[in-house]
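# Breakdown of the fold
Residues per chain, in single letters:
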Amino acid sequence: MNLNSLTIAAARTAVQEQKTTALALAEAHYARIQKEDGQIGAYLTLSKERALEQADKIDRMAAEGKPLPPLGGVPVGIKDVMSTRGVRTTAGSKSLENYAPPYDCTAVARMEAAGAVVLGKLNCDEFAMGSSNENSAYRPVRNPRDLSRVPGGSSGGSAAAVAADMAVVTLGSDTGGSIRQPASFCGVVGLMPTYGRVSRYGLIAFASSLDHIGPLTKTVKDAAIVLRTIAGRDPMDATSADVPVPDYVAELEKPVHGKPVREMKVGVAKEYFGEGLDDEVRQSVEAAIDKLKGLGCEIVPVSLPHTPYAIPTYYLIATAEASANLARYDGVRYSRRAHRVKTLSEMYRRSRDEGFGAEVKRRIMLGTYALSAGYYDAYYLKAQKVRTLLTRDFDEAFRKVDAIVTPTSPTAAFRLGEKSNDPLAMYLADIYTVTADLAGIPGISIPCGETKEKLPIGLQILGKHFDESSILRLAYAYEQA
Amino acid sequence: MKVTDKDVAYVADLANLELTPEERSGMLRDLNSILEYVDRLNELDTSNVPPMAQVSDRYGSNGYGVDEAKQGSERFAYASREDVVDGLRKSLPHDEALANAPDADEDFFRVPKVIER
């Protein structure tokens with residue numbers, strides 16, 4: 001048995017039946033990290049003590065013949081924007097270089113309560129701001145499929161760790177595409193749930209009205225298992241929704257919420273196939289659409305006419321929210337403080353100057369500008385109104401269809417350095433993903449082929465609010481076919 | 001050019017950033033190029049479109065618990081709780097709350113004098 005290539009169910013069963021141990025699984029993954037991660041750079045911090053303690057607990061349960069919880073003994077990695085009690089949490093920023101949170105993120109706590117073994121914390125763009133992982137203050141992550149290329153971002157470490165078998169599953173966060181785009185670049189599954197489906201408590205905030213936590217996995221079923229584990233109302237997050245959590249795993253094959261795949265209407269929007277879409281990506285996605293047709297889906301043209309306005313809307317709203325959220329890094333309570341400062345105001349400014357990287361400063365500046373007196377209406381308020389229009393597009397489309405399929409990203413993984421000097425070109429890497437964040441609808445990216453250079457291509461499936469069941473079912477049917 | 005050197009200095013001050021001269025000139029270039037790009041939003045007539053600050057602004061009664069029949073903060077009554085000490089969890093002990101502080105004594109965060117700017 002190769003301990004590094006198991007799914008959740010296979011890993012749990014192997015531990016339950018004592019064919020292996022949670023300890024052996026954790027150690028096999030640490031060995032793999034030791035061997036491979038020097039060149040990939042997915043992990044920033046390993047939490048061995050915590051992992052081995054949890055593995056021991058699971059192994060004792062298995063030895064006593066007790067039924068293991070759904071993720072019993074499964075080695076997982078956590079994006080370093082999720083707080084882990086006593087385990088360094090940097091958000092990829094120098095400003096949190098030595099920060100050890102005093103509490104756990106709800107999603108992490110739920111994973112551990114379900115038996116998961118947290119191996120460590122995963123590299124990401126600083127404060128989740130980026131599309132290539134080159135904005136990490138520590139080191140860029142490299143794509144396991146081609147080390148000269150980026151893994152995508154901002155959850156690049158989360159995607160690379162799964163792709164390189166350095167975790168069975170990982171948690172990432174998605175504010176403008178940060179789960180789905182790296183999943184697409186690394187050839188894994190990435191699920192962004194509905195806004196509010198998963199608590200954001202303990203997630204280091206980037207843009208609070210857009211931030212989502214979700215899984216990156218090797219299979220669609222694993223994504224369903226993780227979602228079932230982390231979803232549901234949490235009193236610690238007032239925006240977490242009080243909507244019952246279906247059994248997403250059972251729903252993969254037996255629909256209670258929504259329709260069977262053969263009865264589904266699947267929308268295709270021409271706005272997602274226009275200028276800028278790479279030919280090989282287009283061909284793969286069109287082939288995937290044909291395959292869905294073969295599964296009995298009815299393919300229906302839909303229109304999302306405001307799509308060209310999504311990126312500007314996103315960058316105004318996300319940066320405005322970020323400028324407020326990042327005000328807390330003032331060098332007083334937990335973030336880096338500059339030395340040899342005379343006054344409080346000098347301390348704030350110099351601490352932030354030293355702690356933040358170029359992209360974070362750029363976004364704080366843009367967001368502060370968009371919110372400042374005289375510009376609020378022209379930029380921030382305008383963007384909020386266009387957000388309504390973008391959301392109405394989806395409302396209209398989802399009156400006709402059960403899901404919408406698109407490419408996840410206009411290109412496969414690009415090279416390190418290719419876009420790092422042009423912020424706008426980098427922002428356009430998220431052109432097909434940001435709108436779902438703005439509307440709050442769920443989306444999943446699944447592998448749908450490769451370019452001639454063997455780079456993975458992702459198919460994105462978008463669904464209605466709280467209808468993760470339908471997009472998971474469609475993704476599962478595609479994956480199994 | 002929409003943004004000037006003066007604007008960059010003003011916004012940096014609002015954001016509590018100092019920025020080196022090189023960073024300021026880079027910021028001037030980047031902000032202008034991004035703002036030029038976002039100007040395409042003005043192609044849209046939004047005079048009768050309500051703003052959306054939160055997903056719950058449009059889908060509040062669809063699972064987020066917002067009571068659309070109520071006014072103001074009452075709409076969000078679902079998110080409130082009794083105002084009691086240690087309502088959802090115990091407060092952190094001082095030593096834990098102060099453990100990550102760059103400078104602290106036993107009870108307080110320590111900062112430079114606040115009188116002088």
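Quick caveat: nothing in here was measured; it's all calculated off a predicted structure. (Residues numbered from 1 in each chain as written. Chains lettered and ligands numbered in written order. Predicted model: local features only at pLDDT ≥ 70, side-chain atom pairs only at ≥ 80, totals over all residues. Heavy atoms only, no water.)

For chain A, the count of helices and strands is 16 helices and 11 strands. Once the C-alpha set of chain A is aligned to its principal axes, its extents read approximately 65 × 55 × 45 Å. Partitioning the intrachain contacts of chain A with sequence separation of at least 6 by distance along the chain shows that 76% fall at a separation of at least 24. Only carbon and sulfur atoms are counted for the fraction: they give 50% of the accessible area of chain A, which is about 15,200 Å². For chain A, the centre of its 58 positive side-chain charges and the centre of its 56 negative side-chain charges are spaced 3 Å apart. (Helix = DSSP H or I, 4+ residues; strand = E, 2+ residues; numbered from the N terminus. Contact = heavy atoms within 4.5 Å. Areas by Shrake-Rupley, 256 points an atom, 1.4 Å probe, with all protein chains shown as cover. Lys, Arg positive; Asp, Glu negative; His and termini not counted. Charge placed at Lys NZ, Arg CZ, Asp CG, Glu CD.)

The next thing to look at is the pairing of strand S8 (residues 298-302) of chain A. The pairing of strand S7 (residues 265-269) of chain A with S8(A) spans five bridges and is classified as parallel. Bridge assignment links A:Gly267 to a residue of S8(A), and that residue is A:Val300. (Pairing = 2+ DSSP bridges.)

Quick look at the layout of surface pockets now. All names here are of chain A. Of the pockets and cavities examined, the largest pocket occupies roughly 480 Å³. Taken together, 23 residues make up the lining of the largest pocket; nearest its centre are Ser83, Tyr99, Tyr103, Arg328 and Tyr334. Taken together, the residues of the lining of the largest pocket sort by class into 13 nonpolar, five polar and five charged. Taken as a whole, the second largest pocket encloses approximately 410 Å³ of empty space. (1 Å grid on protein atoms, 1.4 Å probe; cavity = no way out; pocket = protein on both sides within 12 Å on 5 of 7 lines; lining within 4 Å. Points joined across faces, edges and corners; volume = space filled by probe spheres on them. Nonpolar A, V, L, I, M, F, W, Y, C, P; charged D, E, K, R; others polar.)

Let's shift gears to the environment of A:Tyr478. All names here are of chain A. As for its position among the elements, Tyr478 is in helix H16 (residues 468-480). Between the C-alpha atom of Tyr478 and that of Gly449, which follows or precedes it by 29 residues, the distance is 12 Å. Not counting chain neighbours up to four residues away, the residues in contact with Tyr478 comprise Ala288, Lys291, Leu292, Leu295, Ile446, Pro447 and Cys448.

Okay, unusual backbone geometry next. Each neighbour pair has its own omega, and for A:Gly153 with A:Ser154 the value is 10 degrees, a cis peptide bond. Within the secondary structure layout, A:Ser154 lies in the loop between strand S3 (117-122) and helix H5 (156-163). For B:Asn16, which is not a glycine, the phi torsion comes out positive at approximately 55 degrees. On the secondary structure map, B:Asn16 appears in the loop between helix H1 (5-14) and helix H2 (21-38). Exposure remark for B:Asn16: the relative accessible area of 23% places this residue in the partly exposed category. One non-glycine residue, B:Leu19, lies in positive phi territory at about 65 degrees. Tracing the backbone shows B:Leu19 in the loop between H1 and H2. (Buried < 20%, exposed > 50% of the residue type's maximum accessible area, 1.4 Å probe, protein only.)

Below, the discussion takes up the sheet that holds strand S4 (residues 169-174) of chain A. Residue and element names in this part refer to chain A. Taken together, 11 strands build an open sheet; the order of strands is S1-S3-S2-S4-S6-S5-S10-S11-S9-S7-S8 and the sheet is mixed. Edge positions in the sheet fall to strand S1 (43-46) and S8, since each has one partner strand and no second. On average, each strand axis in the sheet is tilted by 30 degrees relative to the strand beside it, whichever way the strands run. Contacting S7, S8, strand S9 (403-407) and strand S11 (456-462), helix H13 (residues 376-400) crosses the sheet at an angle of about 120 degrees to S9. (Axes fitted to C-alpha atoms, helices over the stretch in contact; angles between N-to-C directions.)

Of note, A:Asp353 is situated in helix H11 (residues 344-355). For the buried A:Asp353, which has no salt bridge, the nearest side chain bearing the opposite charge is A:Lys361, at an N-O separation of 4.4 Å. A distance of 2.8 Å separates the side chain of A:Asp353 from the backbone nitrogen of B:Leu19, its partner in a polar contact. Sequence-distant contacts of A:Asp353, defined by excluding residues within four places in its chain, comprise A:Lys361, B:Leu17, B:Glu18, B:Leu19 and B:Glu23. (Salt bridge = Lys/Arg side-chain N within 4 Å of Asp/Glu carboxyl O. Polar contact = N/O pair within 3.5 Å; in protein donor to acceptor, adjacent residues only side chain to side chain.)

Residues and elements named next belong to chain B. On average, residues of chain B score 88 in pLDDT, and 97% of them reach the 70 mark or higher. Considering each helix and strand of chain B separately, the mean pLDDT is smallest for helix H3 (residues 55-59), with a value of 80, and largest for H1, with 96. Quick note on the complex model: pTM equals 0.97, ipTM equals 0.92. (pLDDT = per-residue confidence, 0-100.)

Bringing the interface of chain B and chain A into the picture now. The interface is formed by 57 residues belonging to chain B together with 75 residues belonging to chain A. Across the chain B/chain A interface, buried area totals approximately 6,100 Å², and carbon plus sulfur atoms make up 64% of it. The largest contributions to the chain B side of the interface with chain A come from B:Leu41, B:Met52 and B:Asn100, which together make up 11% of the buried area. Inspection of the chain B/chain A interface yields four salt bridges. We note a salt bridge from A:Arg362 to B:Asp30, for which the minimum N-O separation is 2.8 Å. Inspection of the region where chain B meets chain A yields 20 residue pairs in polar contact (both at pLDDT 80 or more). At the level of elements, H1, H2 and H3 of chain B are the ones that each hand at least two residues to the side of chain B that touches chain A. A total of nine residues in the side of chain B that touches chain A trace back to one element, the largest contributor, which is H2(B). Among the residues forming the side of chain B that touches chain A, the class breakdown is 34 nonpolar, eight polar and 15 charged. (Buried area = accessible area lost by both parts, 1.4 Å probe.)

Let's shift gears to the pattern of salt bridges. Residue and element names in this part refer to chain A. Evaluated as defined, the whole model comprises 38 salt bridges over all chains. With a closest N to O distance of 3.0 Å, Lys121 and Asp80 form a salt bridge. One end of the pair, Lys121, is in strand S3; the other, Asp80, is in the loop between strand S2 (75-79) and helix H4 (106-113), and 41 residues separate them in sequence. Assigned by exposure class, Lys121 and Asp80 land together as buried. Glu450 is the partner of Lys454 in a salt bridge, and the nearest nitrogen-oxygen pair spans 3.8 Å. Each of the salt bridges in this network shares a partner with another, and the network as a whole consists of Lys94, Glu97, Arg336, Glu346, Arg350 and Glu354.

Now for the pairing of strand S10 (residues 443-450) of chain A. Along a regular strand, successive side chains alternate from one face of the sheet to the other. Residues and elements named next belong to chain A. Relative to S10, strand S5 (residues 189-192) runs antiparallel, the two being bridged by three bridges. Counted as the bridge partner of Leu191 is Ile444 from S10. For S10 and S11, the ladder comprises six bridges, and the chain directions are antiparallel. If you follow Glu450 over to S11, its bridge partner there is Pro456.

What follows deals with the packing of helix H12 (residues 358-371) of chain A against H2(B). The geometry of H12(A) relative to H2(B) is characterised by a closest axis approach of 10 Å and an angle of 55 degrees between their N-to-C directions. Of the possible angle classes, the one that applies to H12(A) and H2(B) is oblique. Handedness of the H12(A)/H2(B) crossing: right-handed. Contact residues: A:Lys361, A:Arg362, A:Met365, A:Leu366 and A:Tyr369 in H12(A); B:Glu23, B:Met27, B:Asp30, B:Leu31, B:Ile34 and B:Leu35 in H2(B). Partitioning the contact of H12(A) with H2(B) into residue classes produces seven nonpolar, no polar and four charged. (Parallel < 35°, antiparallel > 145°, perpendicular 65-115°, else oblique. Left-handed = near helix turned anticlockwise from the far one by under 90°.)

On to empty space enclosed by the protein. Residue and element names in this part refer to chain A. Scanning the entire structure with this criterion turns up three cavities of 30 Å³ or more. What the largest cavity holds in volume is close to 60 Å³. Looking at the largest cavity, the residues that line it are Ala128, Gly130, Ser131, Thr175, Gly176, Gly177, Ser178, Phe206, Tyr314, Tyr315, Arg363 and Asp430.

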